[in-house]
Amino acid sequence: QVQLVESGGGLVQAGGSLRLSCAASGLTFSSYVMHWFRQAPGKERELVASITWSGGSTAYADSVKGRFTISRDNAKNTVYLQMNSLKPEDTAVYYCAAGHIWVLTTRGVAYWGKGTLVTVSS
C-alpha cells in the first residue's frame, strides 16, 4: 500500500532552520505531484508548497515565499521542505501529500502522510 512517512520535525527557535523529509513507497513516485501542507491548532489545513512530477516547477504560499524551498529526489522517492528563518506562526503539523494532477488544494491530494510536528519558539 502507499505510504508517505515524514521526518525532521521538532522544536526550533525563531530564526532557525529545519529540513523536513518525506519518504514515499508503494507508488510510482515520479508520476505524482508532491505537496507539503500544514495545520496549526484551531486552523484549517493549508498548502505550503508544491512541486511538479519532474521538479521543474514549484509553488509556494505567500506566507513562506523566500523562506521555504521544496525539492524532490525521484531516485530516492523523497520530497523535502527546507525551512529557513522560521517564525512562531510556522508552528503546525506538517503533512506530505501526493496527487496525480497539478491542483493546489486538498482536492488534488490522493495520499496523505501522518504528519510531523514543527514547533517554533519565540
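(A) Region of interest: the pairing of strand S3 (residues 18-25). Where strand S1 (residues 3-7) lies against S3, 5 bridges are found, and the strand directions are antiparallel. In the strand pairing of S3, Val-5 is matched with Ala-23.

(B) Just the environment of Val-64, in detail. For Val-64, the position within the fold is in the loop between strand S6 (58-60) and strand S7 (68-73). C-alpha of Val-64 to C-alpha of Ala-49: the two residues are 15 residues apart in sequence and 8.4 Å apart in space. Among all residues touching Val-64, those that are not within four sequence positions of it are Arg-38 and Val-48.

(C) Local environment of the state of the cysteines. Counted according to the given criterion, the structure contains 1 disulfide. A sulfur-sulfur distance of 2.1 Å marks the disulfide that ties Cys-22 to Cys-96. Sign of the S-S torsion, about -75 degrees for the bond between Cys-22 and Cys-96, identifies this disulfide as left-handed. Of this pair, Cys-22 sits in strand S3 while Cys-96 sits in strand S9 (residues 92-99), and the two are 74 residues apart along the sequence. The residues Cys-22 and Cys-96 share a single accessibility class, namely buried.

(D) Examining the sheet that holds strand S8 (residues 78-83) more closely. Pairing within the open sheet is antiparallel, and its 4 strands lie in the order S1-S3-S8-S7. Only two strands of the sheet have a single neighbouring strand rather than two, namely S1 and S7. Within the sheet, the average angular offset between the axes of one strand and its neighbour, ignoring direction, is 15 degrees. As paired elements, S3 and S8 share 6 bridges and run antiparallel to each other. Its bridge partner lying in S8, Leu-20 is registered against Leu-81.

(E) Structural view of the packing of aromatic side chains. If you walk through the whole model with that rule in mind, you get 3 aromatic pairs. Taken together, the ring pairs in this structure connect Phe-37, Tyr-95 and Trp-112 into an aromatic cluster. Its guanidinium or amino end placed over the ring of Tyr-80, Arg-19 lies 4.0 Å from that ring's centre, counting from NZ or CZ. The positively charged end of Arg-72 is found above the aromatic ring belonging to Phe-29, 4.4 Å away from the centroid.

(F) Looking closely at the nonpolar core. The biggest cluster of nonpolar side chains holds 28 residues, and the ones touching the most others in it are Met-34, Trp-36, Val-79, Leu-81, Met-83 and Tyr-94. Secondary-structure elements contributing two or more residues to this core are S3, strand S4 (33-39), strand S5 (46-51), S7, S8, S9 and strand S11 (116-121). Excluding residues within four positions of it along the chain, Met-34 makes contact with Leu-4, Phe-29, Ala-49, Ser-50, Ile-51, Ile-70, Arg-72, Val-79, Cys-96, Ala-97 and Ala-98.

(G) Representation of unusual backbone geometry within the structure. One non-glycine residue with positive phi stands out, namely Asn-77, at about 55 degrees. Inspection of the secondary structure assignment puts Asn-77 in the loop between S7 and S8. One non-glycine residue, Ser-85, lies in the positive phi region at around 50 degrees.

(H) Broad picture of the pairing of S4. Counting buried positions along S4 yields 6 of 7 residues, so the element is predominantly enclosed. The pairing of S4 with S9 spans 7 bridges and is classified as antiparallel. Following the sheet pairing, His-35 is matched in S9 by Ala-97. Examined bridge by bridge, S4 and S5 share 5 bridges and lie antiparallel to one another. When the sheet's bridge partners are listed, His-35 is paired in S5 with Ser-50. Where S4 hands over to S5, the hairpin turn is made up of 6 residues, of which Gly-42 adopts a positive phi near 75 degrees.

Cut-offs applied
Residues numbered from 1 in each chain as written. Predicted model: local features only at pLDDT ≥ 70, side-chain atom pairs only at ≥ 80, totals over all residues. Heavy atoms only, no water. Pairing = 2+ DSSP bridges. Helix = DSSP H or I, 4+ residues; strand = E, 2+ residues; numbered from the N terminus. Contact = heavy atoms within 4.5 Å. Disulfide = S-S within 2.5 Å. Buried < 20%, exposed > 50% of the residue type's maximum accessible area, 1.4 Å probe, protein only. Axes fitted to C-alpha atoms, helices over the stretch in contact; angles between N-to-C directions. Phe/Tyr/Trp six-rings, centres within 6.5 Å; stacked < 30°, edge-to-face > 60°. Lys NZ or Arg CZ within 6 Å of the ring centre and 35° of its normal. Core = buried A, V, L, I, M, F, W, Y, C linked by side-chain atoms within 4.5 Å.

Honestly, it's all geometry; don't read function into it.
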